[in-house]
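Notes for the structure review
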Amino acid sequence: MHATIEAGAAGRTATGATPTRDTAIDAARAGCLAVVFLLHAMMVGVSVGPGGPVLENALEGWELLAPATWVVQIMPLFFLIGGFSGWTAWQRRRARGVGAAGFVRDRITRLVRPAVPLVAVVGLALAALAAAGVPAEIVQTASFRIGQPLWFLAVYLGASALVPLMVRLHEWRPGVTIGALVGAVVAVDALRFATGVEALGFLNLAFVWLAMQQLGFLLADGTIDRMPVAARLRLAVCALGGLLAITLSGPYTPDLLQNLNPPTICLVLLGTAQLALFSLVRRPLGRWAERRGPARLVASFGEWGMTMYLWHLPAFVLLAAGLLAANASFGLALPEPLSAEWWASRPIWLLGAAAVTALAVRAFSRWERGSRAAGRDGDGGAGRMPRARALAEELPRVPAWLAVPAGVLGVGTALVVGFAPAPAIVSLALLGVALLGARPPRVHGRAGLAARVGARVDAGMSVVGGKLVPQHQM
């Protein structure tokens, strides 16, 4: 496969073709979001035990969870898709002569802005619950559950910021780059198992997901599509066979959700299989996604995908709190997780979870849409608000190399420490620093007009039939 990778990169560089959007990629991203929603919704277990209310992972004791994770563990595919999107976005910008700093600023805005209301609102809500006398254990559990998805945002932001560098390495030696990243993953796993120091495994938050992003580049530059179908099938079978071997006889658990924390070589093997299999269904999936009904559905996910990702767990916790209140008020039955009654109640629970999540998305999606408006206006949308624009111009400018770590640390603070008042304030301050670094430099005249039009394409718009229409890139 190494020779195929090198030849594919050389072919793309020689042609210099400008990449376009792929409806199959958008559909796959929407599908990944749907799987995340369903999995997390099924994990919510709310009941009342001898000691009072219980909020737990309902699937933790399910005997079929491990085999089910081989289907629902879609994070490798998520990063593969992210690599495809990052590659295409960077190629478009580079074709117009836009530098890496502009690309990174756009990514910061797109990813950091939706996190600000989450940290602020959840921090205030949990503080109010604690002040109202809600048991500290319940508040801490809610904080932990709500913060869980933030690991993805922190890692995705860091990986996205490295896209210009990683694309350069891909163009230089794609096989060597992927090999080095996979070798680093194996080395970290070996060191972790040899020393027993679990914390070492978190180094793979960088190596595993950068490897997946790099595999996404192979999809974007056409390397994978140029492989014969039989070769892609063999690749998928070999990857899954290797995964089966190391989880059944090696030190790795067959529960691929546990292999997420910390990430292991298992996810690289799974992602390789997902890459090969997705490439085989990509064309029919793209044709399906171009139909009117599916296109509207995919576009809806694209319009507020990050908002749904960030707010679905707070919505679940809010719904669980409502069920506990109903149980205390008029004795609403809360079946024990995994019981027959619990399984029978899941369809109603999923409908309620979808409804509450939709309300949260409706309330907070303007922050995500605002990030694209910032790109369209070129000034954070302040062109319609002269006073706000003047105030924004007076704020200090932060370089992108400082803004990215600030964004990662801001998200990481809420993830690791929680949403208590002090860490929430620290998190918001760091996110604010990141957004200061996302502001584009002032550009005037024709260059400013070209930059604004270009930003509209990169900030969520596609040119179709001579018109700008919304798109989405996470």
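Looking at an unreviewed UniProt entry, the protein chain carries the name Acyltransferase, with the source organism given as Agromyces soli.

**Side note on the overall build of the protein chain**
Within the protein chain, the secondary structure is distributed over 20 helices and four strands. Taking the contacts inside the protein chain whose residues are at least 6 apart along the sequence as the reference set, 79% of them involve residues at least 24 apart. With the model as given, the accessible surface of the protein chain reaches about 21,500 Å², and the carbon-plus-sulfur share is 67%.

**Quick notes on the nonpolar core**
If you look at the biggest cluster of nonpolar residues, it comprises 113 residues, and the most contacted ones within it are Met-75, Ile-108, Trp-151, Phe-152, Trp-209, Tyr-309 and Leu-310. Beyond its immediate chain neighbours, meaning those up to four positions away, Trp-151 contacts Met-75, Phe-79, Leu-205, Trp-209, Leu-260, Tyr-309 and Leu-415.

**Here's the deal with unusual backbone geometry**
A cis amide bond links Asn-261 with the next residue in sequence, Pro-262, at an omega value of 5 degrees. In this structure, Pro-262 sits in the loop between helix H12 (229–249) and helix H13 (265–289). Despite not being glycine, Leu-338 shows a phi value in the positive range, around 75 degrees. The residue Leu-338 is located in the loop between helix H14 (292–330) and helix H15 (340–344) in this model.

**A short note on the packing of aromatic side chains**
Considering all chains together, one arrives at 16 aromatic pairs under this definition. Look at Phe-78 and Phe-152: their rings are 5.2 Å apart centre to centre, the planes differ by 45 degrees, and that puts the pair in the tilted class. With a gap of 74 residues between them, Phe-78 in helix H4 (residues 75–95) and Phe-152 in helix H8 (residues 150–161) connect regions that are remote in the sequence. Note on accessibility: Phe-78 and Phe-152 belong to one class, buried.

**Things to note about the environment of Ala-231**
Within the fold, Ala-231 resides in helix H12. Residue classification places Ala-231 among the buried positions, given a relative accessible area of 16%. Ala-231 sits 45 residues away from Ala-276 along the chain, and the two C-alpha atoms are 9.0 Å apart.

**A look at the environment of Ala-354**
Within the secondary structure, Ala-354 sits in helix H16 (residues 346–377). You can call Ala-354 partly exposed: its relative accessible area is 34%. The spacing of Ala-354 and Phe-316 is 38 residues in sequence and 9.0 Å in space, taken between C-alpha atoms.

**As for the pattern of salt bridges**
According to the stated counting rule, one finds seven salt bridges in the structure shown. A salt bridge links Arg-192 to Glu-198; its shortest N-O distance comes to 2.9 Å. The class of Arg-192 is buried, set by a relative accessible area of 10%. On the basis of relative accessibility, which here comes to 41%, the residue Glu-198 falls in the partly exposed class. Taking the shortest distance from any N to any O, the salt bridge between Arg-232 and Asp-225 comes out at 3.8 Å. Judged by relative accessible area, Asp-225 falls into the partly exposed class, the value being 32%. In the salt-bridge network here, residues are joined through shared partners; they are Asp-22, Asp-225, Arg-232 and Arg-282.

**A closer look at the confidence of the model for the protein chain**
Per-residue confidence for the protein chain averages 85 on the pLDDT scale, and 83% of its residues sit at or above 70. In the model of the protein chain, helix H1 (residues 2–15) stands out as the element of lowest mean pLDDT, 43, in contrast to helix H11 (residues 204–220), which has the highest, 97. This stretch, residues 444–452, has a pLDDT under 50; its non-local contacts, to residues over four places away or in other chains, come to six contacts.

**So, the pairing of strand S1 (residues 44–49)**
In the sheet, S1 pairs with strand S2 (residues 52–57) via six bridges, with the strands oriented antiparallel. For Val-44, the partnering residue across the bridge sits in S2 and is Asn-57. Taking the residues that link successive antiparallel strands as the turn, the S1-S2 hairpin has two residues.

**Side note on H8**
Across its 12 residues, H8 extends 17 Å between first and last C-alpha, which sits within 8% of the 16 Å expected from 1.5 Å per residue. For H8, the tally of buried residues reaches 11 of 12 residues, placing the bulk of the element in the interior. Buried within H8 we find Leu-150, Trp-151, Phe-152, Leu-153, Ala-154, Val-155, Tyr-156, Leu-157, Ala-159, Ser-160 and Ala-161.

**Things to note about the side chain of Arg-29**
Relative to the helices and strands, Arg-29 resides in helix H2 (residues 23–43). Looking at Arg-29, its side chain comes within polar contact range of the side chain of Ser-85, at 2.6 Å.

**Regarding helix H6 (residues 115–131)**
Between its terminal C-alpha atoms H6 stretches 24 Å, which fits the 24 Å expected from 17 residues at 1.5 Å a residue. Once H6 ends, the next one or two residues include Gly-133, with phi positive near 95 degrees.

**Considering the packing of helix H18 (residues 400–416) against helix H19 (residues 421–438)**
Between H18 and H19, the shortest axis-to-axis distance is 7 Å and the interhelical angle comes to 155 degrees. Between H18 and H19, the angle falls in the class roughly antiparallel. Crossing geometry of H18 relative to H19 is assigned as left-handed. Contacts between H18 and H19 involve Ala-403, Ala-406, Gly-407, Leu-409, Gly-410, Val-411, Thr-413 and Ala-414 on the former and, on the latter, Pro-423, Val-426, Ser-427, Leu-430, Leu-431, Val-433, Ala-434 and Gly-437. Broken down by class, the residue content of the contact of H18 with H19 amounts to 11 nonpolar, five polar and no charged.

**Remarks on the side chain of Asp-22**
By secondary structure assignment, the location of Asp-22 is in the loop between H1 and H2. Side-chain polar atoms of Asp-22 contact the side chain of Arg-282, separated by 2.6 Å. Aside from chain neighbours lying at most four places away, what touches Asp-22 is Phe-84 and Arg-282.

So, how was this worked out
Residues numbered from 1 in each chain as written. Predicted model: local features only at pLDDT ≥ 70, side-chain atom pairs only at ≥ 80, totals over all residues. Heavy atoms only, no water. Helix = DSSP H or I, 4+ residues; strand = E, 2+ residues; numbered from the N terminus. Contact = heavy atoms within 4.5 Å. Areas by Shrake-Rupley, 256 points an atom, 1.4 Å probe, with all protein chains shown as cover. Core = buried A, V, L, I, M, F, W, Y, C linked by side-chain atoms within 4.5 Å. Buried < 20%, exposed > 50% of the residue type's maximum accessible area, 1.4 Å probe, protein only. Phe/Tyr/Trp six-rings, centres within 6.5 Å; stacked < 30°, edge-to-face > 60°. Salt bridge = Lys/Arg side-chain N within 4 Å of Asp/Glu carboxyl O. pLDDT = per-residue confidence, 0-100. Pairing = 2+ DSSP bridges. Expected span 1.5 Å × (residues − 1). Polar contact = N/O pair within 3.5 Å; in protein donor to acceptor, adjacent residues only side chain to side chain. Axes fitted to C-alpha atoms, helices over the stretch in contact; angles between N-to-C directions. Parallel < 35°, antiparallel > 145°, perpendicular 65-115°, else oblique. Left-handed = near helix turned anticlockwise from the far one by under 90°. Nonpolar A, V, L, I, M, F, W, Y, C, P; charged D, E, K, R; others polar.

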